[in-house]
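What follows is the residue order along each chain.
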Amino acid sequence: MDNQSQLLKGILEGCILLVISRKEVYGYELSERLHQAGLTMVKEGSIYPVLARMQKLKWIKGTMKPSPSGPNRKYYKLTSEGEEALKQFEENWDDIIGAVSQLKGEV
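All figures in this text were calculated on a predicted structure; none of them were measured in a lab.

**Quick look at helix 2 (residues 27–36)**
Here is step 1: Of the positions making up helix 2, those classed as buried are G27, E29, L30, S31 and L34.
Here is step 2: Remark: G38 follows helix 2 within two positions and exhibits a positive phi of approximately 105°.

Below, the structure written as structure tokens:
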């Protein structure tokens, strides 16, 4: 695994929470949104284990809904626990960004 992948692994849950907080999405749509944001190293298949873990933590809830084309899709939305996890992620992210920016300024 390269350095970028290692770094992303630690923030992927937060990125997924951010996407889901804006709109209910299904797995492929989530993957596309991450790619559109520039996270092209995230493979579609790699998000499903993260989604399953987040469901076990009760951060998200998946609901099967009809698809306009093909089989039903599982759409994900945030729970109240997920909203709290997102809030914590955003606070932690702001702290990290501040610290890294400060360190970059010292170099």
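**Re the nonpolar core**
Here is step 1: Ranked by internal contacts, the top residues of the largest apolar core, which has 23 residues, are I16, I20, L30, L34, L51 and I60.
Here is step 2: Elements that contribute at least two residues to this core include exactly helix 1 (3–22), helix 2, helix 3 (44–56), strand 3 (73–78) and helix 4 (80–106).
Here is step 3: Counting residues per element, this core draws most heavily on helix 1, at eight residues.
Here is step 4: When residues no more than four places from it in sequence are discounted, the contact partners of L34 are L12, C15, I16, V19, L39, V42 and I47.

Here is what the cut-offs are and how they apply
Numbers given for residues are sequential positions, taken from 1 along each chain in its written order. Two thresholds apply to this predicted model, a pLDDT of at least 70 for residue-level local features and 80 or more for giving and counting side-chain atom pairs, whereas whole-chain, interface and lining totals are computed over all residues. Hydrogen atoms and water are omitted, and side-chain values are computed over all heavy atoms in the structure. Relative accessibility under 20% of the residue-type maximum defines a buried residue, over 50% an exposed one, and the middle range a partly exposed one, all with a 1.4 Å probe and only protein chains included. Every helix listed is a DSSP run of H or I at least four residues long, and every strand listed is a run of E at least two residues long, numbered separately from the N terminus. The criterion is simple. A nonpolar core is a set of buried Ala, Val, Leu, Ile, Met, Phe, Trp, Tyr and Cys residues joined through side-chain atoms within 4.5 Å. Pairs of residues are marked as contacts when any of their non-hydrogen atoms sit within 4.5 Å.

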